[in-house]
Amino acid sequence: MMRVFLVVFSVIFSPINGVLAQSQDEAVWVQIEARPTFDAALDRVDSYAQTLPDVNGFTLPGGWYAIALGPYAPEDAEEALRRYRLQGLIPNDSYIALTSTYREQYYPPGVNILGNGTLAGLSAPRIEAAPQPQPTAPERRLIETETRAQAIRGEQRLTREEKRVLQAALQWAGFYNATIDGAFGRGTRNAMAGWQDFAGFEPTGVLTTLQRAVLIEQYTAVLEGLNMGSVRDTDAGIAVNMPRDALSFSRYDAPFAQYEPTTELSARVLLISQAGDRTTLASLYEVMQTLELVPLKGPRQLTRTRFTLVGRNDKIVSETEAELVDGEIKGFTLVWPAGDEDRRTRVLAEMRASFERLEGVLDPATGSVFEDSLDLVAGLEVRKPIFSRSGFFVNAQGAVVTTADAVQSCTRITLDEAYDATLAGVDADRGVAVLTPKQSLAPPSVARFSPLPPRLQSEIALAGYSFEGQLTAPTMTFGTLDDLRGLRGEPELRRLSLNALPGDVGGPVMDTSGNVFGMLLPLPVGSRQLPDAVRFALTGEAISETLEQAGIIASTAERSASLDPVEIASLGTGMTVLVSCWQ
């Protein structure tokens, strides 16, 4: 298709040959790039010369190196600029340049089309553009003179499938949003006229032979090199078009047939196939959202018979569709690199249009070797948080206090990896954050803040997820209160003697009555190395002030009698929650 397109260009705007046989004032150029060094310019000019005719290189007065197409008559240059931009062969910021702009010629080597001399002392290999077949005289007349009546007669010879392809191409180009049915009604005609006007043609509403070729070339060029074609997976009971040169079958792990990347494109496809009902469909919907290949950000929807999942991050875009029909759930997931939307949307449209349900579903026992792994579901990696810290409930509605470090730059915050939470308030100076769950929770116990600090050297207890969620319940760590201030006399800090781990940060620190008198803070950042077991807690008074700013009233402790360690552990583990940061 590219060769045909370039032939059309050579007919429509033939460059002026020789050493500007016409006056220099009558010849112009399409400047497509300029580079500050010869080597950089040579790399680019060689690249353009492989696909475009009449590529030239000239020096500029400021010492840069220009890459230009031409020379052209002014009206032909405007047409060349418009068409090459539309085709995506030249940058969008290309422009018309006058001959007087250029100095010595450095490409092609030894050529002096301006008569200004060549760049001495430099040589470069000439990369010839591939020879282009020339149209016959009748073809040339068709391209140049096809009328609307001729275009209509040519359109009538199209098959219904060819008409559907034209509608799909208009839809991809952003001009058609109705049903792709192969019937050219008012909507299709308006879309054709809109595309013609955008592409620089007369907006007649009927595409000529040339215009259909240009549109289809644009439409198919996006998928060049992917080899889109049908894959029939009889084990999964699915047939679908996919990019066969970018993917190959990897393995079955029920309910998925996995197709892995074979190129640097890093695309992936999962075919979904299993027997089930509405409950199975809903369970699959939930499970798939825990997978690493389904990023958290993006719309998703579950109905009685189907679901869709879209996930995006800075690396990938993932789109999943599955439908329940006659007791069989079938669908697919397409994972594509972020930033390549033109190809991704085309591939996705091809997969949707070609998806076919064959007889049978994937054997549910396939891939059961992965069932015992906590990090895998059906052989696929489960998404894990960036890190997790501790927090604790401060009211009966499930509001949580944690360290501010635990919630910075998080796309999503969860409590116990099951409940989404939002940031209700943060005091960065004190290092404390307040979270509220998106659904009502019923905490087993709630922190009650002690009105008075414990006695120096008295025993204290810390509840926290020391191992960041690897254990299903908080652990208890016991120590002593060493000072009622920080090392620099900070009144809002309590110095502790306690062996804590990073996952414990944000957890409640309790006295012998089970009252909370502080929250464990992360170790201060600095060059000084503190002795082992030196830790700090933010006071209950400071936490209460932050809660009040968030509209939450802290509960004051009423207990004064000492409790045994078992009772303290019961209170501590009941109020402590795992706070996880996700991206």
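Look up: the structure comes first, before these words.
The text that follows walks through the structure, step by step, so that each part is easy to find.

Parameters and conventions
Residue positions are counted from 1 within each chain, in the order its sequence is given. This being a predicted model, a pLDDT of at least 70 is required before a residue's local features are given, and a value of 80 or more before pairs of side-chain atoms are given or counted; all residues contribute to the totals for chains, interfaces and linings. To get the side-chain values, take all heavy atoms of the structure and skip hydrogens and water. Strands pair, by our definition, only if DSSP identifies at least two bridges between them. Every helix listed is a DSSP run of H or I at least four residues long, and every strand listed is a run of E at least two residues long, numbered separately from the N terminus. Each axis is a line fitted through C-alpha atoms, and for a helix only the stretch in contact is used; angles between axes span 0 to 180 degrees, taken between their N-to-C directions. The cut-offs for exposure are 20% and 50% of the maximum accessible area for each residue type, with area from a 1.4 Å probe on protein chains only; residues under the lower value are buried, those over the upper are exposed, and the others partly exposed. Under this definition, polar contacts are N or O atom pairs within 3.5 Å; protein pairs additionally need one hydrogen-donor-capable and one acceptor-capable atom, and for neighbouring residues in sequence, both atoms have to be side-chain atoms. Note on contacts: a residue pair qualifies if any of its non-hydrogen atoms lie within 4.5 Å across the two residues. If you view the pair so one helix is near and one far, a crossing is left-handed when the near helix is turned anticlockwise from the far one by less than a right angle, and right-handed when it is turned clockwise. Residues are grouped as follows: Ala, Val, Leu, Ile, Met, Phe, Trp, Tyr, Cys and Pro are nonpolar; Asp, Glu, Lys and Arg are charged; every other residue, Gly included, is polar. Cysteine sulfur atoms that pair up within 2.5 Å are treated as a disulfide. Side-chain atoms within 4.5 Å are what join buried Ala, Val, Leu, Ile, Met, Phe, Trp, Tyr and Cys residues into a set we call a nonpolar core.

## Things to note about the sheet that holds strand β21 (residues 419–427)
Then, in step 1: One closed barrel accounts for 6 strands, arranged β18-β19-β22-β21-β20-β31; its pairing is antiparallel. Strand-to-strand twist across the sheet, computed as the mean angle between neighbouring axes with direction ignored, equals 40°.
Then, in step 2: Alignment of strand β19 (residues 400–403) against strand β22 (residues 432–437), held across 4 bridges, turns out to be antiparallel. Note on β22: the bridge partner recorded for valine 400 is leucine 435.

## Looking at the side chain of aspartate 427
Then, in step 1: Looking at the element boundaries, aspartate 427 is found in strand β21.
Then, in step 2: In this structure aspartate 427 comes out as buried when scored by relative accessible area, which is 14%.
Then, in step 3: A polar contact of 3.2 Å, which involves the side chain of aspartate 427, links it to the backbone nitrogen of aspartate 429.
Then, in step 4: Look past the residues within four positions of aspartate 427 in its chain and what remains in contact with it is Val432 and Thr546.

## Some words on the packing of helix α6 (residues 160–172) against helix α8 (residues 209–221)
Then, in step 1: At a closest axis distance of 9 Å, the pairing of α6 and α8 adopts a crossing angle of 65°. Relative to α8, the crossing made by α6 is left-handed. Between α6, through Val165, Leu166, Ala168, Ala169, Leu170 and Trp172, and α8, the contact on the second element is made entirely by Arg212, Leu215, Ile216, Gln218 and Tyr219.
Then, in step 2: Here the residues of the contact of α6 with α8 sort into 9 nonpolar, 1 polar and 1 charged.

## With respect to the sheet that holds strand β13 (residues 316–325)
Two orientations exist for strands paired in a sheet by backbone hydrogen bonds: parallel and antiparallel.
Then, in step 1: The strand order across the open sheet built from 7 strands is β8-β9-β10-β14-β13-β12-β11, with neighbouring strands paired in antiparallel fashion. Both edges of this open sheet fall to β8 (247–253) and β11 (300–302), since each of them pairs with a single strand only. When the angles between neighbouring strand axes are averaged without regard to direction, this sheet yields 15°.
Then, in step 2: Sheet topology note: the β11/strand β12 (residues 306–312) ladder contains 3 bridges and is antiparallel. Looking at β12, one finds that leucine 302 is bridged to phenylalanine 307.
Then, in step 3: Packed on one face of the sheet, helix α10 (residues 341–354) meets β10 (268–275), β12, β13 and β14 (328–337) and runs near 165° to β14.

## With respect to the state of the cysteines
Then, in step 1: The final tally for this structure, using the stated rule, is 1 disulfide.
Then, in step 2: The disulfide partner of cysteine 410 is cysteine 581, and the S-S distance across this bridge is 1.9 Å. Classification of the bridge connecting cysteine 410 and cysteine 581 rests on its S-S torsion, roughly -115°, and on that basis the disulfide is left-handed. Of the two residues, cysteine 410 is situated in the loop between β19 and β20 (412–415) and cysteine 581 in strand β31 (residues 576–582); the sequence distance between them amounts to 171 residues. Per residue, the accessibility class of cysteine 410 equals that of cysteine 581, and both read buried.

## Quick notes on the nonpolar core
Then, in step 1: By size, the foremost hydrophobic cluster in this structure holds 24 residues, and its most contacted members are Val30, Leu52, Val55, Leu69, Tyr84, Ile90 and Tyr106.
Then, in step 2: Secondary-structure elements contributing two or more residues to this core are β1 (28–35), α2 (38–49), β3 (65–72), α3 (74–87) and β5 (105–107).
Then, in step 3: The dominant element in this core, judged by the number of residues it contributes, is α2, at 6 residues.
Then, in step 4: The contacts of valine 30, once residues within four sequence positions are left out, are Ile67, Ala68, Leu69, Tyr72, Ala77, Ala80, Leu81, Ile90, Ser94, Tyr95 and Ile96.
Then, in step 5: If you look at the next biggest cluster of nonpolar residues, it comprises 22 residues, including Ala399, Phe449, Leu493 and Ile568.

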